[in-house]
Structures are given as structure tokens and as C-alpha cells.
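Examining the three-dimensional arrangement
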Amino acid sequence: MRKIIVTSFVTLDGVLQAPGAPSEDTTQGFKWGGWSARYGDDQTNETIGGIMSGAFDLLLGRRTYEIFSAYWPYQENHPVAEKFNAVQKFVVSGKQPPLEWVNSTLISGDVAAGIRALKQQDGPDLHVWGSSRLIQTLLANNLVDKLYVLTYPVTVGKGKRLFDGGSKAESWKLVSAKVSGKGVIIGEYEPAGELVTGTVGGETTPSEAELTRRKRWAQEG
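Let me sum up the structure you'll find in this document. On a predicted model such as this, the values are computed, not experimentally measured, just so you know.

Rules behind the numbers
Residues numbered from 1 in each chain as written. Predicted model: local features only at pLDDT ≥ 70, side-chain atom pairs only at ≥ 80, totals over all residues. Heavy atoms only, no water. Core = buried A, V, L, I, M, F, W, Y, C linked by side-chain atoms within 4.5 Å. Buried < 20%, exposed > 50% of the residue type's maximum accessible area, 1.4 Å probe, protein only. Helix = DSSP H or I, 4+ residues; strand = E, 2+ residues; numbered from the N terminus. Contact = heavy atoms within 4.5 Å. Salt bridge = Lys/Arg side-chain N within 4 Å of Asp/Glu carboxyl O. Pairing = 2+ DSSP bridges. Axes fitted to C-alpha atoms, helices over the stretch in contact; angles between N-to-C directions.

Phe 84, Trp 129 and Tyr 152 are the most contacted members of the largest nonpolar core, which totals 30 residues. If you list the elements that add at least two residues to this core, you get β1 (4-11), α1 (42-51), β2 (56-61), α2 (62-69), α3 (79-86) and β6 (146-152). Among all residues touching Phe 84, those that are not within four sequence positions of it are Met 52, Phe 56, Leu 58, Phe 68, Trp 72, Lys 89, Trp 101 and Trp 129. Judged by nonpolar contacts, the second largest core, of 22 residues, contains Ile 4, Val 6, Leu 16 and Leu 147.

To continue, consider the pattern of salt bridges. Overall, the coordinates contain eight salt bridges when judged by the stated rule. For Arg 62, the salt bridge goes to Glu 66, with nearest N and O atoms at 3.2 Å. Of this pair, Arg 62 and Glu 66 both sit in helix α2, four residues apart, which is roughly one turn of the helix. In this structure Arg 62 comes out as buried when scored by relative accessible area, which is 18%. Judged by its relative accessible area of 35%, Glu 66 falls in the partly exposed class.

With that out of the way, let us pick up the sheet that holds strand β3 (residues 89-92). Spatially, the eight strands line up as an open sheet ordered β4-β3-β2-β5-β1-β6-β8-β7, and their pairing is mixed. Edge positions in the open sheet fall to β4 (104-107) and β7 (170-179), since each of these has one partner strand only. Across the sheet, the mean angle from the axis of one strand to that of its neighbour is 25°, orientation sign disregarded. As paired elements, β1 and strand β5 (residues 125-129) share four bridges and run parallel to each other. Note on β5: the bridge partner recorded for Thr 7 is Trp 129. The sheet contacts of α2 involve β2, β3, β4 and β5, and relative to β2 the element is tilted by about 115°.

Glancing now at the pairing of β2. With six of six residues buried, β2 is to be regarded as a mostly interior element. Residues Phe 56, Leu 58 and Leu 60 point to one face of β2 and Asp 57, Leu 59 and Gly 61 to the other, with burial holding for every one of them. Sheet analysis places β2 next to β5, joined by three bridges and oriented parallel. Opposite Asp 57, over in β5, you have Leu 126 as the bridge partner.

What follows is the structure, given as C-alpha cells:
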């Protein structure tokens, strides 16, 4: 069965919108596009190269597909362009976007069911880049098998976020972690089952003040 591997560049406050360039995605008035540009170095490039080193197909939301299809087919002698242009592209959209990029297929209707069926097919793993709305669907339906998060030391305040309503309460296993020379925290995660809660320091008998606080907060909602 194929795995779905999500790679996301995020700011310290969780925004994934338009890391690459000012004009990449200005929807909702976003004006901080290109926030990752000055933090590139050999270590982050090596990480990204490692993620892309094997065989894969692309699973993309419509907007990211449109960004990629307007850029990568026009980049000559670029290793990423060569891979992206050659692989199969599966595009998730409720609309009927023009799929002019070679090897592109639309997934619409019951998206979660369509993606589950796609995972069951023979083929390489499915890589997700960008695609903020698609990621929410994947998280809500337990469809992410591996998550790479590259956290950059910047904050932007507003924008599309990695965890923005689609995530569920669950545990994640940190498989590997490193920090680039420019301060990018690179984490590799896998789902690790349900979230288990507890009390830091162990359970103790609550004081009268604590019981009063709990009752007051319950009444406040």
C-alpha cells in the first residue's frame, strides 16, 4: 500500500502559506510570501533532496497544483523540475481545473474515499507539498503516514496554517530531528495512536480552592 508523506515548511507560528516567493500565494491579503528564502542552506537542501530521492507521485490541492504547473514545466535542467514533470500528479479539487501539466489526474467527489482508493493501488508513495486545505482533509481522516515539518525562525501573524481545523487529538512519534545552521528545525514524525492524557507530577487531592475554581469555570463554560 502506498504511504502519504506530507512535507511542510512552516513559520514559528504555524503558517505554511507562500514560503517561496512574494507572489506565490497572496490570497486573503497575505503579504509575507517568501519568508523562507533567506534560510536556505546545505542542510535543508540535503533534507529536501533526501525526501525526494526515491520514487514518488504527487498528491496536491488545486491551488498548489496551479502554482506548480505554472512554474516547474518552465524550469530547464533543474533536478526538481525533471522529477515533478515526470511523475503522476493527482489533483484534489471540488472544481474542474484545467489539468494541462503532463500526467495529471483529478480526484473529486468523495475526496477521502478517492484518496483511500489511491493508497490501495500499486505505485510509489504519494508526496504532498503545500496544499493547506488538502492537508486538513488528510489529517481529519487519518491518511497521513509520515509528516516532515521544517519550522523556520520567523513569525508572520496571519496566513494558512498547517494545523487549522483538520487535525484530531492523537499522538505523533518523533522519528528524527535536527537543526540547520540557520536555525530551521527539521522534524520527521509518524502517527503514534491515540492521545493519552495525564497530570504532570501525578494526581493529588484537590484543595477547596481548586474545587471552587473548577466549579466556577464549568459554569462559565
